[in-house]
Amino acid sequence: MTEEHLARPTSILVVPNAPGLVVMTDPTPDSPRASVRSSISANPPRRRGTAISTTTTSSSAAPAAPADTFAMKRDPRSNSSSSFSAPPPSGSTSALVPPLPPSSPQIPTRSAKAALVAWSTGCGCIRALFMTALVLAVAIVCLYKLSPDPYSTTALDLPFQLNASSLGLVPFLDPTFPIASTPNRTILLADLHSHSTQSDGQMSVRDLLRYAMANGLDAIAVTDHNTVQGGLDALDLARTDPVLAGRILVIPGVEYTCCRIHLSLLGITETVAPETSWPSDDDLKAVIAKVHGMGGIVLANHLPWSLEQQPGYNAPRMQRHPTRQQLVEWGIDGFELVNGYRVDTPTQAFEAGRRASNASSKPLLFSGSSDTHTPGPWYVWNAVDVTGGRAVPSSSPTTQRTTVNNVSLAGLNYTHVLDALRARNATPVLFPEGSVFPVPTVIPRPRLIYSFMSPMLALASVATSFLYSDTRGMYSFVGGEWCHAEYVDVDYAAGPFAVVWVGVLALLWFAVRSVAKVVWTRAMYEVRMRRTPSTRGLVIV
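Our subject in this report is the structure included herewith. Because the structure is predicted, anything quoted here is derived from the model rather than measured. (Residues numbered from 1 in each chain as written. Predicted model: local features only at pLDDT ≥ 70, side-chain atom pairs only at ≥ 80, totals over all residues. Heavy atoms only, no water.)

## What about the pattern of salt bridges?
Applying the stated rule across the entire model yields nine salt bridges. Close ionic contact of aspartate 419 with arginine 422 constitutes a salt bridge, the shortest N to O distance being 3.0 Å. Separated by three residues within a single helix, aspartate 419 and arginine 422 lie in helix H9 (residues 414-422), roughly one turn from each other. Under the relative-accessibility criterion, aspartate 419 is labelled partly exposed at 43%. Overall, arginine 422 belongs to the partly exposed group, its relative accessible area being 29%. One network of salt bridges, in which partners are shared, links Glu308, Arg317 and Arg342. (Salt bridge = Lys/Arg side-chain N within 4 Å of Asp/Glu carboxyl O. Helix = DSSP H or I, 4+ residues; strand = E, 2+ residues; numbered from the N terminus. Buried < 20%, exposed > 50% of the residue type's maximum accessible area, 1.4 Å probe, protein only.)

## Focus on the state of the cysteines
Linking two cysteines covalently via their sulfur atoms produces the bond known as a disulfide. A full pass over the atoms with the stated rule returns one disulfide. With no disulfide of its own, cysteine 258 has cysteine 259 as its nearest cysteine by sulfur position, at a separation of 6.7 Å. (Disulfide = S-S within 2.5 Å.)

## Quick look at the nonpolar core
Membership of the largest hydrophobic core comes to 55 residues, with the highest contact counts inside it found for Leu249, Ile251, Leu266, Trp381, Val384, Val417 and Leu421. Sequence-distant contacts of leucine 266, that is, excluding residues within four places in its chain, are made with Leu192, Ala221, Thr223, Ile251, Pro252, Gly296, Ile297, Leu299, Leu418 and Leu421. Ranked by size, the runner-up nonpolar core spans 27 residues in total, among them Ile288, Val291, Leu327 and Phe366. (Core = buried A, V, L, I, M, F, W, Y, C linked by side-chain atoms within 4.5 Å. Contact = heavy atoms within 4.5 Å.)

## Describing the environment of alanine 460
Following the sequence through the fold, alanine 460 ends up in helix H10 (residues 448-467). Along the sequence, alanine 460 and alanine 137 sit 323 residues apart, while their C-alpha atoms lie 8.3 Å from each other. Contact partners of alanine 460, with chain neighbours within four places excluded, come to Ala139, Ile140 and Leu143.

## Focus on the packing of helix H3 (residues 205-214) against helix H4 (residues 229-240)
It is at 9 Å that the axes of H3 and H4 come closest, and there the two elements cross at 65°. The pairing of H3 with H4 is recorded here as roughly perpendicular in orientation. Two packed elements cross with a definite hand, and for H3 against H4 that hand is right-handed. Contacts between H3 and H4 involve Val205, Arg206 and Leu209 from the former and Gly230, Asp233, Ala234 and Leu237 from the latter. Split into classes, the residues belonging to the contact of H3 with H4 amount to four nonpolar, one polar and two charged. (Axes fitted to C-alpha atoms, helices over the stretch in contact; angles between N-to-C directions. Parallel < 35°, antiparallel > 145°, perpendicular 65-115°, else oblique. Left-handed = near helix turned anticlockwise from the far one by under 90°. Nonpolar A, V, L, I, M, F, W, Y, C, P; charged D, E, K, R; others polar.)

What follows is the structure in structure tokens.
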């Protein structure tokens, strides 16, 4: 710097946000641009953005020059800009002044840093545990209180037509009983126990009837739990539906369901249901008498299933189940001898002993039933001789169409099936290996609320599977009650370990987040450094 420059008043500016950057201005009016010099000091100034000016007396007094304003900005590529006014003090000059010594920052010790990290991590783990517990609580409430059925109904694509008459089957109770119609005998292949979406089945009433036809049935009893609505809907469809009318015969009914027994009430058009989960013997006698008074038939269902041990309990599935002898004395018509592919041989032996001791007693009615809830293999039919060798009534024929077994239903209704069952003109036909035809394509129609809640239900199922097991036994279908005492088996070791695992996962999350934050910060710093010019990028305008 020359003496001439030193003789002129000079201002020194400290640029904000740029520690150590000192700008010296020389406001000479005759220069085309102000002379700007910059120097980077070793230490930053005490306060940023402060203009520091000193006065040095020149040996030869110089006239005061008017203050000029100089605008300073960074390179256009920079995102920041600053402008400063540097009015020179009158009759003084300025020189570079060493920056003020920095204040001593309080640097946290290593132990303080560790304590801070531990505190923040602990708070994060507690928050994670709290949120996990809250989500699990909501999920478990949904599982027990709001769990809906997964499907409102199912749509079936039936790629097969089963003809039971062509399978070469022989009724195992009476091998001489025909399973195909003759000129003098009209044989219907019937199912006497099935369920629709009116109770706990997954097929709509219409699809249930279509599925029955595909499996070679001429008639079917729709017996939903404690409601006759499914049977009435099926009866109406079989009369009016353009696909079903004249091709299948429907027997309306109810499966009387409680904690003591399951009964098929066939041929009734109003609901007969238990008022309590544990009806008395007199209540059951009254039910049998009432159904007979309505022109119906009463069958005791699936005794081997009802009397076997309930999983998780030292008790049968149906507790206080009436004995076979009691049911006969109360006036029951018969027993479901075959349920699916399971044969009730004890009941068969009971009937043989009863007839041996009293040959004049009326034989019990034995039936076979699919107990259909979902699409699957077919194992059993009932060959029912609805005419008994007599001519079919021809009054008021409904249609000239025939069933899948080429049987005309003209002039027939479900009362003819009931009459044949009372006359014991029926026998079950068992197909133990089941239908081996292509299974139907099930197209589920999920409920929207189930789709919405399915993640919560899945989470609750996973959580409860290892934390505890809730056992409630057999459902009564009466008032939402259960037939066995509920008990909860808690795994006390799994709970603490679950908490530990939540903590481990939370720590893992914090570690991954910290590493990602460091990587992201460094990457952004590199990007800014490439875009931000150095101090030599300052331009005076």
